[in-house]
Amino acid sequence: MTTFAELLLGGVALGSVYALIALGFVIIFRATEVVNFAHASLLLAGGYVTAVLHERLGFWPALAAGVAGAALVGAAVEFLVIRRYRGRDHSVLAIVTIGVDILLTTELTRRIGTDVLSLGDPWGDAVVTIGSVTVAQTRIAAFLAAALLITAFLLAFRFTSWGVAMRAAAESPPTAALMGVRLGRVSLGAWAVAGGLAAVAALFLTVFPTPGLERSTSLAALKAFPAAILGGLDSTTGALVGGLLVGITESLATGYQGDLTFLGRGIGDLAPYLVMVAVLLIRPAGLFGTKELARV
């Protein structure tokens with residue numbers, strides 16, 4: 001029972017980080033109707049800036065610089081690339097983001113090389129013991145930070161003019177433009193916010209028990225993609241639920257993979273995708289996705 005509780009708490013913490021990444025997918029999709037396959041490179045960029053600057057500036061200023069850097073990269077991608085293809089088919093834009101991801105990831109992995117970079121977090125390998133359950137402080141910090149950021153975003157999405165503009169643009173871009181909503185500004189803000197959230201997620205994906213930031217860290221964004229899909233790409237609530245489902249599933253499958261050898265090795269990495277497929281077979285639009293109706 002102790003093992004199950006530890007795995008469950010770890011899964012919730014990991015799922016909250018995945019929810020941050022999935023929320024970035026959803027924000028960009030709602031603002032532009034584009035599936036952003038360059039999200040992994042935004043995550044890697046934010047983590048790299050934090051890792052490079054933390055010894056010089058200290059952890060918190062470096063983290064702020066990493067968030068700002070990832071937000072700036074996201075905004076630059078939107079302004080220099082995505083905006084130039086506005087009006088094209090959305091599948092074309094998705095392919096363009098794949099090209100952007102390849103370019104950015106190639107440059108960042110060249111800079112990182114074979115090193116494993118520390119982000120200088122203040123928690124180290126400290127743990128908290130609650131009864132017979134032991135939880136790493138980094139897991140608790142990840143959950144609290146994700147909860148705070150997600151709550152702040154939902155409040156801004158609901159009550160600020162930017163949130164109203166984004167909701168209007170997601171509902172009907174032509175109508176929103178006629179009502180004075182600047183779609184370019186909404187899109188730019190969405191990419192910047194998604195980049196900032198990815199940078200925070202990069203921190204908690206590379207702290208204890210993970211050794212640090214490395215070339216393959218960006219692959220973690222691919223685990224958050226099933227979270228966005230199974231929750232519904234146009235649903236912020238779906239991103240949160242999907243992230244938690246994926247995190248808990250991965251944690252339990254990895255923890256008990258010794259008892260699941262009949263399913264093959266690496267079931268922990270495969271489990272999120274199996275859950276995604278199972279959900280999509282029942283609800284093709286995702287758990288909270290909007291069904292599109294077409295009258296012929």
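It should be noted that the structure appears before, not after, this text.
Here, residues in each chain are numbered from 1, in the same order as that chain's written sequence. Under the rules for a predicted model, residues below a pLDDT of 70 receive no local features and side-chain atom pairs below 80 are neither given nor counted, while totals for whole chains, interfaces and linings still include all residues. The basis for every side-chain value is the complete set of heavy atoms in the structure, and neither hydrogens nor water enter the calculation.

Novice: How should I be thinking about the nonpolar core in this particular structure?
Specialist: Throughout this description, the term nonpolar core refers to a set of buried Ala, Val, Leu, Ile, Met, Phe, Trp, Tyr and Cys residues connected via side-chain atoms within 4.5 Å. For every residue, the accessible area obtained with a 1.4 Å probe (protein chains only) is divided by the maximum for its type, and the residue is called buried under 20%, exposed over 50%, and partly exposed between those limits. One finds I21, L203, F204 and L205 to be the most contacted residues of the largest nonpolar core, which totals 61 residues. Secondary structure elements follow DSSP: runs of H or I of four or more residues count as helices, runs of E of two or more count as strands, with numbering from the N terminus. Broken down by element, the residue count for this core peaks at twelve residues, all from helix α1 (residues 2–32). In contact with I21, not counting residues within four places along its chain, are H39, L43, A201, L205, A221 and A224. If you look at the next biggest cluster of nonpolar residues, it comprises ten residues, including A38, V77, V100 and A194. Residue contacts are counted whenever heavy atoms from the two residues lie within 4.5 Å of one another.

Novice: Just checking my understanding: could you explain helix α6 (residues 161–171) for this structure?
Specialist: Helical periodicity: at 3.6 residues per turn, an α-helix aligns residues three or four positions apart in one direction. Along α6, the residues classified as buried are G163, A165, M166 and A169. The buried residues of α6 occupy one face: seen down the axis, they fall within an arc of 160 degrees. Exposed positions of α6 whose direction lies more than 90 degrees from the buried face are S161 and E171. Each element contacted by the buried residues of α6 is listed here: α1, α5 (137–159), α7 (173–178) and α8 (183–206). To be clear, the arc concerns the directions from the helix axis to the C-beta atoms.

Novice: Would you mind showing me how to read the pairing of strand β1 (residues 127–130) here?
Specialist: Moving residue by residue along a regular strand, the side chains alternate between the two faces of the sheet. When DSSP finds two or more bridges between a pair of strands, those strands are recorded as paired. In this sheet, strand β2 (residues 133–136) lies alongside β1 in antiparallel orientation, the contact comprising four bridges. Bridge pairing in β2 places I130 opposite V133. Taken together, β1 and the strand that follows it, β2, pair antiparallel across an intervening segment of two residues, in which G131 is found at a positive phi of about 65 degrees.

Novice: What exactly am I supposed to notice about the environment of A169 here?
Specialist: Mapped onto the fold, A169 is located in helix α6. What makes A169 buried here is its relative accessible area of 3%. If we ignore the near neighbours within four places in the chain, the residues touching A169 are R30, A176, L183 and V186.

Novice: Would you mind showing me how to read the packing of aromatic side chains here?
Specialist: Two descriptors summarise a pair of aromatic rings, namely the distance from one centre to the other and the angle between the planes of the rings. For Phe, Tyr and Trp, where Trp contributes only its six-membered ring, two rings pair if their centres lie within 6.5 Å, and the inter-plane angle classes them as stacked under 30 degrees, edge-to-face over 60, or tilted in between. Evaluated as defined, the whole model comprises eight aromatic pairs. A centroid spacing of 5.4 Å and a plane angle of 65 degrees characterise the contact between F25 and F225, whose relative ring orientation is edge-to-face. On the criterion of sequence distance, the pair formed by F25 in helix α1 and F225 in helix α9 (residues 220–231) is long-range, its members being 200 residues apart. Owing to a relative accessible area of 5%, F25 belongs among the buried residues under this scheme.

Novice: Can you walk me through the side chain of D121 in this structure?
Specialist: Within the fold, D121 resides in the loop between α4 (90–112) and β1. Within 3.5 Å is the distance limit for a polar contact, defined as a pair of N or O atoms, with the added protein rule that one can donate a hydrogen and the other accept it, and that residues adjacent in sequence qualify only through two side-chain atoms. Within the structure, the side chain of D121 is placed 3.1 Å from the backbone nitrogen of G124, a separation counted as a polar contact. Beyond its immediate chain neighbours, meaning those up to four positions away, D121 contacts F59, T138, L203 and V207.

Novice: I'm lost on the packing of α1 against α5 in this one. Help?
Specialist: When two helices pack together, their arrangement is given by the angle between their axes and by how far apart the axes lie. The contact between α1 and α5 brings their axes to 8 Å, and the two run at 30 degrees. On the basis of the axis angle, α1 is roughly parallel to α5. When you trace α1 past α5, the crossing you get is left-handed. Seen from α1, the contacting residues are V12, A13, L14, S16, V17, A19, L20, L23, I27 and R30; seen from α5, they are R139, A142, F143, A146, L149, I150, F153 and F157. Tallied by class, the residues present in the contact of α1 with α5 amount to 15 nonpolar, one polar and two charged. Orientation is described by axes fitted as lines to C-alpha atoms, over the contacting stretch for helices, and by angles from 0 to 180 degrees between their N-to-C directions. Oblique is the label for any angle not covered by the other classes, which are roughly parallel (under 35 degrees), roughly antiparallel (over 145) and roughly perpendicular (65 to 115). Note on convention: near helix rotated counterclockwise from far helix by under a right angle means a left-handed crossing. Clockwise means right-handed. Here the nonpolar group is Ala, Val, Leu, Ile, Met, Phe, Trp, Tyr, Cys and Pro; Asp, Glu, Lys and Arg are the charged ones; every other residue, Gly included, is treated as polar.

Novice: What's the story with the pattern of salt bridges in this structure? I'm lost.
Specialist: Side chains that differ in charge, positive against negative, can pair when their charged atoms come close. By convention in these notes, a salt bridge is any Lys or Arg side-chain nitrogen within 4 Å of a carboxyl oxygen on Asp or Glu. Summed over the entire model, instances satisfying the criterion amount to four salt bridges. The shortest N-O distance in the salt bridge between R83 and E78 comes to 3.0 Å. Residue R83 is classed as partly exposed on the basis of its relative accessible area of 24%. The closest approach of N and O atoms between R110 and E107, which form a salt bridge, is 2.7 Å. You can see R110 and its partner E107 sitting in helix α4, three residues apart, about one turn around the helix. Under the relative-accessibility criterion, R110 is labelled exposed at 57%. Through salt bridges with shared partners, a single network forms among E107, R110 and R111.

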